[in-house]
Amino acid sequence: MQTRVDPFLAAVIHGALESIAIEMGHKLMRMSYSSIIRESEDFGAALTDASGRQLCECTMSTPLQSGPIPGYIAGILRELAKRNDTVNPGDVFMHNDAYGGASHGPDVGFAVPIFHNGALAGFSVTTAHHLDIGALTPGSCGIVDAVDAYAEGLQFKAVRVYEAGRKVEPVWQILRSNIRIADLVVGDMEAQVAAARIGADRYAALLDQYSLETVTGAYEDLLDYSEKLMRDAISAIPDGVYNARTQIDGYLDSPDPALKELPIEATLTIKGSDIHVDLTGTAPQTSNKPINMPFVGTVDCAVWLTLRSILLDSDIYGSIPQNSGLTRPITIHAPLGCLANPIYPAPVIARFCPGNALADTIMKAIAPAVPRQVSAGIGNLRVMAFSGLAKGAPWVHMEIMEGAYGGRYGKDGMDAVDTLYANTRNNPVEDIESHLPLRVLNYELRENVAGPGKWRGGIGSIRSFELLLDGAVSVEGDGQRFRPWGFLGGSDGSPAKVELSHMDGSVENLPSKIPYRQLAKGDRITAFGPCGGGYGDPMQRAPEDVLEDVLDGLIDVDMARASYGVVIDGTRLDTAATHALRGN
């Protein structure tokens, strides 16, 4: 591959770019007020060139935050062009337009333009999920009854929050006046601005050190290098058409059949070094329910991230430059007006679980072509927003409940983790209980539910929360009707469930989506995470691995016998009986 810049110098510049993005992420985490950023790491940090092509991203950030950043910049530039406006030194823009590149409204981006010798050279951008955005109910998740984009909260379309270096105070006053827990949320926003400015300063210094021409040449080489890696990986797949269809819950308690058990379909056409992804067959948009997925910011990221993680596994390829070159060989089509390409003002705030289901569908479609590079079906996530009043002031807490991966070639599925395009961490129990009127009653793995396989599916968690004061909860989830798919003879996994226990001992089974619901002191809500599908014939699982699962309390001896044909006597493997049972 011909290069514009000496490869060794390009590698130095690549390292500098990555270091800038990582520093931005660390500084944002340390300056943030809310646990969703400082603990869960639900943020993004990246640098782009002047047109919005991504140059690097923070490795700690979640893919659904850093991945859409080029879309944020493209949306900002389009909005400014519509207003006959320009980007000037000292400006800072706020943007969360879900139909203008943002992933959804709560993921607010702040973009700091970078100038070199008087010309626009790029942008330093941070994004983060905010605990409240002024929607109809407290919290920024579980707004599952939003009827349109206006019900989802405040919309920012390339709004200047700093102009020529001076704070635009009226904008900040609007934020403080329209957002619950404003000190927390606005404090996080100010941390984003500060972290983005750090990135802008570091990039400007890099341009001063090496010149714009040299740095531009280096990242053009890096874009080409990333593209070549992706094209080489695609070229190794047999040309052909690969299709899969899955379903999401939708609104299981709705009487409207158009709102539940909704299909997601993906057809991948591979020709040479190109992949075309066609989402024809996906359900029509839900015009008055917010499970639609923005085409730019969610759908594209779900496709890109899944294909990149399958085809360019970091265990094999090591550290790969994360930039827009990786997406060049991939094109995507979704019919206008379907779940994956909704028409404004269809609501989209609850797009997270459908987007992750789309990623799972992409993996299922390509699995026959690269069976050793995929997992079986994943268990999707759910997000809960707890809220209420304490000492006369509102409080909001957002908790991301893990899913689980399906079994993989040579390995069991990962237990109780975020899956596919999600990559957040949980909140420490001590942090929750130290400043919120919540008590975490248990946090453990489920038993006897993992999808059996030669390599079993990952196991979901059980988490219970008790309210210490009257409050409320909203839930945004999926995966309670359909089981994660097994692969190559593996069995399907287990669906999720949510239970609400009252002080009188009564228990309610709740659907996967619960709009704002008031709870009483002492009420307990328990989330049972889904378990991934199995990979390969369960009867080929090593008996020693089955015994280990029994000793760990993950399955019992009855499941070992019924699902795996393994006979266990107490704590001992009965080899002869196992051979006889499996032989029959």
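Structural data are supplied above this passage.
Calculation notes
- Residues numbered from 1 in each chain as written.
- Predicted model: local features only at pLDDT ≥ 70, side-chain atom pairs only at ≥ 80, totals over all residues.
- Heavy atoms only, no water.
- Buried < 20%, exposed > 50% of the residue type's maximum accessible area, 1.4 Å probe, protein only.
- Helix = DSSP H or I, 4+ residues; strand = E, 2+ residues; numbered from the N terminus.
- Arc of directions from axis to C-beta.
- Contact = heavy atoms within 4.5 Å.
- 1 Å grid on protein atoms, 1.4 Å probe; cavity = no way out; pocket = protein on both sides within 12 Å on 5 of 7 lines; lining within 4 Å.
- Points joined across faces, edges and corners; volume = space filled by probe spheres on them.
- Nonpolar A, V, L, I, M, F, W, Y, C, P; charged D, E, K, R; others polar.
- Pairing = 2+ DSSP bridges.
- Axes fitted to C-alpha atoms, helices over the stretch in contact; angles between N-to-C directions.
- Phe/Tyr/Trp six-rings, centres within 6.5 Å; stacked < 30°, edge-to-face > 60°.

Q: Would you explain helix H13 (residues 557–564) in this entry?
A: The α-helix advances 3.6 residues per turn, and as a result positions three or four apart in sequence lie on the same side. Listed as buried for H13 are Met559, Ala560 and Tyr564. Taken around the axis of H13, the buried residues stretch over an arc of 105°, which confines them to a single face. More than 90 degrees from the buried face of H13, the exposed residues found are Asp558 and Ala562. Each element contacted by the buried residues of H13 is listed here: helix H12 (543–551), strand S21 (568–569) and helix H14 (575–583). Among the residues trailing H13, Gly565 stands out with phi positive, at a value near 65°.

Q: Help me understand empty space enclosed by the protein in this model?
A: To find the voids left in a structure, one rolls a probe of water-molecule size over its atoms. This structure, assessed with the given rule, holds 2 cavities of 30 Å³ or more. Of the pockets and cavities examined, the largest cavity occupies roughly 180 Å³. In terms of lining, the largest cavity is formed by 20 residues, of which the most central are Asp42, His129, Arg351, Phe352 and Met398. Contributions of two or more residues to the lining of the largest cavity are made by helix H3 (63–66) and strand S13 (393–401). Each residue belonging to the lining of the largest cavity can be placed in one class, and the counts come to 8 nonpolar, 7 polar and 5 charged.

Q: I would appreciate a short explanation of the pairing of strand S17 (residues 497–501) in the present structure.
A: Across a regular strand the side chains alternate sides, sitting on one face of the sheet and then on the other. A large share of S17 lies buried, amounting to 4 of its 5 residues. Pairing analysis gives 5 bridges linking S17 to strand S20 (residues 524–528), with the strands arranged antiparallel. Following the sheet pairing, Ser501 is matched in S20 by Arg524. Inspection of the sheet shows S17 paired to strand S18 (residues 507–510) by 4 bridges, in the antiparallel sense. When the bridges of S18 are listed, Val498 appears paired with Leu510.

Q: Please clarify how the sheet that holds S18 should be interpreted in this entry.
A: Where strands meet in a sheet, backbone hydrogen bonds hold them as pairs that are either parallel or antiparallel. The antiparallel open sheet is built from 5 strands, whose spatial order is S14-S15-S20-S17-S18. Either end of the sheet is taken by a strand with one partner, and the two such strands are strand S14 (438–445) and S18. Across the sheet, the mean angle separating the axes of adjacent strands is 15° when strand polarity is ignored. Judged from the 7 bridges that link them, S14 and strand S15 (residues 461–467) form a sheet pairing that is antiparallel. Directly across from Tyr443, in S15, lies its bridge partner Arg463.

Q: Please explain the packing of aromatic side chains as it appears in this structure.
A: Both the distance between ring centres and the angle between the ring planes are used here to describe each pair of aromatic rings. Evaluated as defined, the whole model comprises 11 aromatic pairs. Their ring planes at 45° and their centres at 5.5 Å tell us that Phe352 and Tyr421 sit as a pair that is tilted. In this pair, Phe352 is assigned in helix H10 (residues 352–366) and Tyr421 in the loop between S13 and helix H11 (429–435), connecting sequence segments 69 residues apart. Given a relative accessible area of 12%, Phe352 falls into the buried group.

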